[in-house]
Amino acid sequence: MPTHLYENRLFLEHKTPEGHPERPDRLRSLNIALEHPNFARLVRIEAKQANEDAVTLAHPEEHLFAVMREIPEEEDRINQLEADTYASQKSLQVVLTAIGGAMAAVDDVMTGKADNAFVAGRPPGHHAERSKAMGFCFFNTVAIAARHAQKAHGAERVAIVDWDVHHGNGTQDIFWDDPSVLFCSTHQMPLYPGTGAKDETGKHRNIVNAPLSPNVGSDHFREAFKSRVLPALNDFAPDLILISAGFDAHHRDPLAQINLVGEDFDWATGRLLEVADRFAKNRVVSLLEGGYDLEGLAESAGLHIARLMKG
């Protein structure tokens, strides 16, 4: 089966202040990498905007309304939602389109149209808690995708693997007491947002955190994956794997101090594909989260997508 890539030029229209790391150039750099002939077999699909009520799969309606109130009417205005999260005129359309792409990607893998899919959207989503936008994130796209898989396709055991260098506190918050969703995270600690200790295990021990100390590299990351993430996945036997695919653990990234290289993301992708082959009929959906050095992002995401294409 082909790998599906969901994209939309609208993703470039979410504007942040000058110098902000979460900027449109992130996707421009990835698109340049995807021009390589190796990606000619990708099935590239334009993501469609989800309805606003899709947000309520993972968030209360009040949170949706709170974000909507912060969207400016003026084209050149940027509103600050909290410390480092900003909204511009088209930000709500952009975020809903990222959600639409994620839901469509889930539809594709759950109905057998594709083995796996990658959603090249922005802004990230994994810091958005049930009722709080934070860390560049408005709504938690991967959590909405998981709920969509359960509601629309009857998925019973959804695993979310988050290798962004920042802990996915929002995803952990949303699924803390839900045994039907396994959340596994590798991340630097200490680092923003300050959560993700090993003893944060969820009400049903469905949360598996594998924190990494600053300045470690490939060996520590791979060992955390092999000793904590993969055993948890094998015990859980998921029928769908979602990846919060942040690439800011790359050694070039300015926002953290983990020293991974592109091949580490290739390796991790391969291990998750093996789990998906055993338990999930190869069903994997990957969503872009962080990654703020343009060269590191393009290299790492390119290798990740190339591995998805190999199956």
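Residues numbered from 1 in each chain as written. Predicted model: local features only at pLDDT ≥ 70, side-chain atom pairs only at ≥ 80, totals over all residues. Heavy atoms only, no water.

## Concerning the overall build of the protein
Right, so step 1: Scanning the protein from N- to C-terminus turns up eight helices and 10 strands.
Right, so step 2: Here the protein has a C-alpha radius of gyration of 17 Å; the compact-globule value for 311 residues is 19 Å, and the two agree.
Right, so step 3: Along the three orthogonal principal directions, the C-alpha set of the protein runs to about 50 × 45 × 40 Å.
Right, so step 4: For the protein, the residues scored as buried account for 60% of the 311 residues in total.
Right, so step 5: Pairs at least 24 apart in sequence give 77% of the contacts found in the protein among residues at least 6 apart.
Right, so step 6: Accessible surface for the protein amounts to roughly 12200 Å². Of this, 47% is attributable to carbon and sulfur atoms. (Helix = DSSP H or I, 4+ residues; strand = E, 2+ residues; numbered from the N terminus. Rg over C-alpha atoms; globule rule 2.2 N^0.38 Å. Buried < 20%, exposed > 50% of the residue type's maximum accessible area, 1.4 Å probe, protein only. Contact = heavy atoms within 4.5 Å. Areas by Shrake-Rupley, 256 points an atom, 1.4 Å probe, with all protein chains shown as cover.)

## Section: the UniProt feature "domain: Histone deacetylase" (unreviewed entry) in the protein
Right, so step 1: When the UniProt feature table is mapped onto this chain, "domain: Histone deacetylase" (unreviewed entry) is found at residues 20-306.
Right, so step 2: Within the segment residues 20-306, helix and strand shares are 38% and 16% respectively, and the terminal C-alpha atoms sit 29 Å apart. (UniProt positions renumbered as here; feature names shortened; annotations may be inferred.)

## Re the pairing of strand β7 (residues 181-188)
Side-chain positions along a regular strand alternate between the two faces of the sheet.
Right, so step 1: Counting buried positions along β7 yields eight of eight residues, so the element is predominantly enclosed.
Right, so step 2: The two faces of β7 match: V181, F183, S185 and H187 on one face and L182, C184, T186 and Q188 on the other face are all buried.
Right, so step 3: The pairing of strand β6 (residues 158-162) with β7 spans five bridges and is parallel. Bridge pairing in β7 places V158 opposite V181.
Right, so step 4: Regarding the hand of the β-α-β motif, the stretch spanning β6, helix α5 (residues 169-175) and β7 is right-handed. (Pairing = 2+ DSSP bridges. Right-handed = clockwise from strand over helix to strand, strands pointing away.)

## Points about the side chain of T16
Right, so step 1: Along the chain, the position of T16 falls in the loop between β1 (3-7) and α1 (25-33).
Right, so step 2: A polar atom in the side chain of T16 sits 2.9 Å from the backbone oxygen of E22. (Polar contact = N/O pair within 3.5 Å; in protein donor to acceptor, adjacent residues only side chain to side chain.)

## Notes on the packing of α1 against helix α8 (residues 294-310)
Right, so step 1: Look at α1 against α8: their axes get within 9 Å of each other, and the N-to-C directions meet at 50 degrees. By the angle class used here, α1 and α8 are oblique. In the crossing of α1 with α8, the sense of the turn from one axis to the other is right-handed. Across from D25, R26, S29, L30 and A33 in α1, the residues of α8 making contact are L294, L297, A298, A301, G302 and I305. (Axes fitted to C-alpha atoms, helices over the stretch in contact; angles between N-to-C directions. Parallel < 35°, antiparallel > 145°, perpendicular 65-115°, else oblique. Left-handed = near helix turned anticlockwise from the far one by under 90°.)

## So, the sheet that holds strand β9 (residues 240-245)
Right, so step 1: Strand order in the open sheet formed by eight strands is β2-β1-β5-β10-β9-β6-β7-β8, and the pairing between neighbours is parallel. Looking at which strands have only one partner, the edges of the open sheet turn out to be β2 (43-46) and β8 (207-212). Averaged over neighbouring strand pairs, the angle between their axes works out to 15 degrees when direction is ignored.
Right, so step 2: Relative to β9, β6 is paired through five bridges, and the arrangement is parallel. For A159, the partnering residue across the bridge sits in β9 and is I241.
Right, so step 3: Lying on the sheet, α8 is in contact with β1, β5 (116-119), β9 and β10 (284-288); it crosses β5 at an angle near 160 degrees.

## What to know about the environment of D293
Right, so step 1: Residue position: D293 is located in the loop between β10 and α8.
Right, so step 2: Once the C-alpha coordinates of D293 and G262 are considered, the two residues, 31 residues apart in sequence, prove to be 12 Å apart.
Right, so step 3: Residues within four places of D293 in sequence aside, it is in contact with R252, D253 and P254.

## Some thoughts on the pattern of salt bridges
Right, so step 1: Following the criterion strictly, the structure yields 14 salt bridges and no others.
Right, so step 2: R271 serves as the salt-bridge partner of E274, at 2.7 Å between the closest nitrogen and oxygen. Placement of the pair is E274 and R271 together in helix α7 (residues 262-279), with a separation of three residues, close to one helical turn.
Right, so step 3: The class of R271 is buried, set by a relative accessible area of 19%.
Right, so step 4: Salt bridges here are not isolated pairs; linked through shared partners, they connect E22, R26 and R122. (Salt bridge = Lys/Arg side-chain N within 4 Å of Asp/Glu carboxyl O.)

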